[in-house]
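A look at the structure
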Amino acid sequence: VDTASGTFGVIPVAQLLQTRDTKRAPGSGYSRGKWTFTPDTYTTAESGAEEPIDDNEARMYRRYFDAEQVSAQRAYDAVLRNQEVAVAALMTGASITSTAACGVSWKNYPNSDPITDIETAMQLVYATSGMWPNTLIITRIDFRNLRESATIISRIKYSGLTDPTAKGITTRVLSQVFDIENVVVAGSTSNSANEGQAAAFAQIWPVGTAVVCHVNSSNDIRRPTVARTFHWGEDGSTIGGTVESYRDETIRGDVVRVRFQVGNKLLYAALATKITGCNA
């Protein structure tokens, strides 16, 4: 985007899918579309992280690792991990009102039926938006449970898709089983404990909640997508993060900084359904 915050137009999905007569008689004009934009706003905010590189330590450990490279990676990780936290909260929060309860927990390998659970959610998205979801988002724990599901293994075994063992069941195979274009496994972990305390590890995306949604990566605002990330780069931000460094003599060392400026926005909540209780 060309401004840090601003107004943009959202076209209702009903208008995007509206049928109209396209026949033309000789001498007459062509059918013309009429777009009604619903005004909406976006706001971006800058995020960044710094890592100091002490001259003494950099020289002391240079035989073992490149201190500047390691520091840059740590700063990258801090910024992008927080971006994933924000996206996960957006996609699994209360704003996504369409939900479908899992029939039997996916932890129950012999009796669960993930194929039916996901199909039910996909049908809900279509019924409320007129569009089919193309993406399934699951946590790594739920993914590992899916690979052990007797229902999925049976479907694979008799379809000849691949090796019907957990090792052979990849995201590509699951996309074929569920008839959905993308299966995204969100495996990132966060440690919510304060520094010096015992670690408190947890998946960033909530375990037991799967999301089916329609995602479009085009910049064309006329193409519906469940949500978008707005990036503003006129202050030097680049997508994924800008790396900078400067000298700080008070610590007798260099400082590596990674920063970028984005805003996340839910656009069409009807293009997503949450499947709950998958890990109950």
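The coordinates are above.
One structure accompanies this document, and this report is about it. What you are looking at is a predicted structure, and each value in this text was computed from that prediction instead of being measured. (Residues numbered from 1 in each chain as written. Predicted model: local features only at pLDDT ≥ 70, side-chain atom pairs only at ≥ 80, totals over all residues. Heavy atoms only, no water.)

**Notes on the overall build of the protein**
Along the protein, the regular secondary structure elements total seven helices and 13 strands. The C-alpha radius of gyration of the protein comes to 24 Å, more than 25% above the 19 Å expected for a compact globule of 280 residues. C-alpha atoms of the protein, sized along the principal axes, occupy 75 × 60 × 30 Å. Pairs at least 24 apart in sequence give 73% of the contacts found in the protein among residues at least 6 apart. (Helix = DSSP H or I, 4+ residues; strand = E, 2+ residues; numbered from the N terminus. Rg over C-alpha atoms; globule rule 2.2 N^0.38 Å. Contact = heavy atoms within 4.5 Å.)

**Let's talk about empty space enclosed by the protein**
Applying the stated criterion across every chain, the model contains one cavity of 30 Å³ or more. Put simply, the largest cavity is a space of about 40 Å³. Residue lining of the largest cavity: Gly9, Val10, Ile11, Ile221, Arg223, Thr225, Arg228, Leu267 and Tyr268, and that is the complete set. Considered class by class, the residues forming the lining of the largest cavity number five nonpolar, two polar and two charged. (1 Å grid on protein atoms, 1.4 Å probe; cavity = no way out; pocket = protein on both sides within 12 Å on 5 of 7 lines; lining within 4 Å. Points joined across faces, edges and corners; volume = space filled by probe spheres on them. Nonpolar A, V, L, I, M, F, W, Y, C, P; charged D, E, K, R; others polar.)

**Here we look at helix H3 (residues 67-92)**
With 26 residues, H3 should cover 38 Å at 1.5 Å per step; its first-to-last C-alpha distance of 37 Å lies within 8% of that length. Among all positions in H3, only Ala67, Ser71, Ala72, Ala75, Val79, Gln83, Ala88, Met91 and Thr92 are buried. (Expected span 1.5 Å × (residues − 1). Buried < 20%, exposed > 50% of the residue type's maximum accessible area, 1.4 Å probe, protein only.)

**Regarding the nonpolar core**
Leu136, Ile138 and Phe178 are the most contacted members of the largest nonpolar core, which totals 26 residues. For this core, the secondary structure elements donating two or more residues are helix H4 (114-129), strand E5 (135-139), helix H5 (140-146), helix H6 (150-159), helix H7 (171-178), strand E6 (182-186) and strand E9 (210-213). Among the elements that make up this core, the one with the highest residue count is H4 (five residues). Setting aside anything within four residues of it in sequence, one finds Leu136 in contact with Ile118, Phe178, Ile180, Asn182, Val183, Val184, Ala210, Val211 and Val212. The next biggest cluster of nonpolar side chains, apart from the first, holds 24 residues, and it includes Val13, Leu16, Ile137 and Ala272. (Core = buried A, V, L, I, M, F, W, Y, C linked by side-chain atoms within 4.5 Å.)

**Considerations on the sheet that holds strand E13 (residues 272-276)**
Here five strands make up an open sheet; going across it, the order is E4-E13-E9-E5-E6 and the pairing mixed. On the outer flanks of this sheet lie strand E4 (99-101) and E6, each paired with one strand and no other. Averaged over all adjacent pairs, the angle separating strand axes in this sheet is 20°, with direction ignored. Examined bridge by bridge, E9 and E13 share four bridges and lie antiparallel to one another. Paired with Val212 across the bridge in E13 is Thr273. Across the sheet, H4 is in contact with E4, E5, E9 and E13; its angle to E13 comes to roughly 150°. (Pairing = 2+ DSSP bridges. Axes fitted to C-alpha atoms, helices over the stretch in contact; angles between N-to-C directions.)

**Quick look at the pairing of E9**
Covered by surrounding structure in E9 are Ala210 and Val212 together with Val211 and Cys213, the residues of both alternating faces. Relative to E9, E5 is paired through three bridges, and the arrangement is antiparallel. The residue bridging Thr135 from the neighbouring strand is Cys213, located in E9.

**Focus on the side chain of Asp142**
You can see Asp142 is positioned in helix H5. Although buried, Asp142 forms no salt bridge, and the nearest oppositely charged side chain, Lys107, lies 8.6 Å from it. Engagement of the side chain of Asp142 in a polar contact is seen with the backbone nitrogen of Gly208, the distance being 2.9 Å. In contact with Asp142, not counting residues within four places along its chain, are Trp106, Val207, Gly208, Thr209, Cys278 and Asn279. (Lys, Arg positive; Asp, Glu negative; His and termini not counted. Salt bridge = Lys/Arg side-chain N within 4 Å of Asp/Glu carboxyl O. Polar contact = N/O pair within 3.5 Å; in protein donor to acceptor, adjacent residues only side chain to side chain.)

**Digging into the packing of aromatic side chains**
Enumeration over the complete set of coordinates arrives at four aromatic pairs. Centroid distance Phe8 to Tyr42: 6.2 Å. Interplanar angle 50°. Geometry classified as tilted. Separated by 34 residues along the polypeptide, Phe8 in strand E1 (residues 5-10) and Tyr42 in strand E2 (residues 38-43) bring together distant segments of the chain. Taken individually, Phe8 and Tyr42 each receive the classification buried, so the pair is uniform in this respect. Note on Tyr126 and Trp132: the rings are 4.5 Å apart at their centroids and 15° apart in plane angle, and the pair reads as stacked. Under the relative-accessibility criterion, Tyr126 is labelled partly exposed at 37%. Since its relative accessible area comes to 40%, Trp132 is described here as partly exposed. (Phe/Tyr/Trp six-rings, centres within 6.5 Å; stacked < 30°, edge-to-face > 60°.)

**Structural notes on a nonpolar patch on the surface**
Together, Met60, Tyr61, Tyr64, Phe65 and Val70 line one region of the surface with nonpolar side chains, adding up to about 520 Å² of accessible area. Since its relative accessible area comes to 40%, Phe65 is described here as partly exposed. (Patch = residues over 30% accessible without salt bridge, like charges linked within 9 Å, V, L, I, M, F, W, Y side chains within 5 Å. Areas by Shrake-Rupley, 256 points an atom, 1.4 Å probe, with all protein chains shown as cover.)

Bear in mind that shape data such as this cannot, by itself, settle questions of function.
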